[in-house]
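Architecture at a glance
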Amino acid sequence: MRFRAKIVDLACLNHFSRIINTIARLAKTCILRLTVCKLYFILSDKVANGGASMWCELSQGNFFDEFQMEGVAAEHNEIYLELVPENLSRALKTSQSAKAVKIKLTNKHCPCLRVTVELPSLSSSSRIVTHDIPVGVIPRRVWNDFREPSVPDFDVSLIYLPVLKTMKSVVERMKNLSNFIVIEANLSGEMNLKIETDLVSVTTHFKDLGNPPWASEDGCQSSTQGRDLESMTEACIDIKKLQQLLAGQQVNPTKALCNIVHKRIVHFILLHEEVSLQYFIPAIA
């Protein structure tokens, strides 16, 4: 099992660093899945226990100048590592003006991701900063626990999100009034954020957001025929989890969508060219 990679392009390095910062704000620990073409950052708290889940996917070719890996076996050419993303985020903070960053899986005293940052120097020799980030190697028998979460395809209300900064400031104000927020949306581009307590009821309305077509798992566009475009689909979720997602956002998505399964789950999809981040927040009964 081997892995080594190198980033030389500063724009790619800073972009990668921002993605890791976002992930560090969403997950204390996560799984890093390495394949020949892609990296995945996975948080799979059991939704049944009220935990949020995350699935972030990026193409290695858009970030790394060199990327070599050998998985656990020829027929399973993948590596699954458990790590604390905050540690990786800290290591990359020193790389903002780096000439190059190398990441390598090592195993001296314990398995580690070694992040080597080559910094520019006034003299002819460059300065090297090395960080060893402990990781756990996930055995092959439990890989299936970290598959992409699936979304039930009924009662789905897929809608483009409002401008995330606007949504963030609304949610931050509402967080002072309640621990829970109801998100409701319909297929006419309308979304409401609501909180209701014994003392106060507050609703923020958004309209003309637009509804993208929803592709079901067999690749067919699911039809909105026969569905009431005005009727609202809703879910009540933990407001702190929503705020965490909006506050940690450094990916600057070109598209941000929300997918509500009535009273069961809210599924956020943030897309930015070569990166997709999905975040699942279960509804509170």
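Residues numbered from 1 in each chain as written. Predicted model: local features only at pLDDT ≥ 70, side-chain atom pairs only at ≥ 80, totals over all residues. Heavy atoms only, no water.

Below, the discussion takes up the sheet that holds strand β5 (residues 66-70). Spatially, five strands are ordered β5-β1-β7-β8-β9 in an open sheet, and the strand pairing comes out antiparallel. Edge positions in the sheet fall to β5 and β9 (127-134), since each has one partner strand and no second. Adjacent strand axes in the sheet meet at a mean angle of 15°, parallel and antiparallel pairs treated alike. Note: strand β8 (residues 111-119) against β9, eight bridges, orientation antiparallel. If you follow V115 over to β9, its bridge partner there is H131. With respect to the sheet, helix α2 (residues 85-93) is in contact with β7 (100-107), β8 and β9, its orientation differing from that of β9 by roughly 180°. (Pairing = 2+ DSSP bridges. Helix = DSSP H or I, 4+ residues; strand = E, 2+ residues; numbered from the N terminus. Axes fitted to C-alpha atoms, helices over the stretch in contact; angles between N-to-C directions. Contact = heavy atoms within 4.5 Å.)

What follows deals with empty space enclosed by the protein. Inspection of every chain in the model, using the stated rule, returns one cavity of 30 Å³ or more. Approximately 50 Å³ is the volume found for the largest cavity. As for the largest cavity, its lining consists of F3, F16, L32, L34, L39, F41, F64, L88, I103 and L113. Put simply, the parts of the chain that give the lining of the largest cavity at least two residues each are β2 (30-34) and β3 (38-44). Residue composition of the lining of the largest cavity, grouped by class: 10 nonpolar, no polar and no charged. (1 Å grid on protein atoms, 1.4 Å probe; cavity = no way out; pocket = protein on both sides within 12 Å on 5 of 7 lines; lining within 4 Å. Points joined across faces, edges and corners; volume = space filled by probe spheres on them. Nonpolar A, V, L, I, M, F, W, Y, C, P; charged D, E, K, R; others polar.)

As a further point, take a positive patch on the surface. Taken together, the side chains of R4, K102, K104 and K108 present a region of like positive charge at the surface. Position of K102 among the secondary structure elements: in strand β7. A residue is classified by how much of its surface remains accessible, and K102, at 42% relative accessible area, is partly exposed. (Patch = residues over 30% accessible without salt bridge, like charges linked within 9 Å, V, L, I, M, F, W, Y side chains within 5 Å. Areas by Shrake-Rupley, 256 points an atom, 1.4 Å probe, with all protein chains shown as cover. Salt bridge = Lys/Arg side-chain N within 4 Å of Asp/Glu carboxyl O. Lys, Arg positive; Asp, Glu negative; His and termini not counted. Charge placed at Lys NZ, Arg CZ, Asp CG, Glu CD. Buried < 20%, exposed > 50% of the residue type's maximum accessible area, 1.4 Å probe, protein only.)

Under the criterion given, the structure shown has zero disulfides. This cysteine, C37, is not joined by any disulfide, and C56 carries the nearest cysteine sulfur, 16 Å off. (Disulfide = S-S within 2.5 Å.)

Packing of helix α3 (residues 164-175) against helix α4 (residues 239-247) leaves a shortest axis separation of 10 Å and a crossing angle of 145°. Remark: the crossing between α3 and α4 carries left-handed chirality. Between α3, through L164, M167, K168, V171, E172, M174 and K175, and α4, the contact on the second element is made entirely by I239, L242, Q243, L246 and A247. Looking at the contact of α3 with α4 residue by residue, the classes come out as eight nonpolar, one polar and three charged. (Left-handed = near helix turned anticlockwise from the far one by under 90°.)

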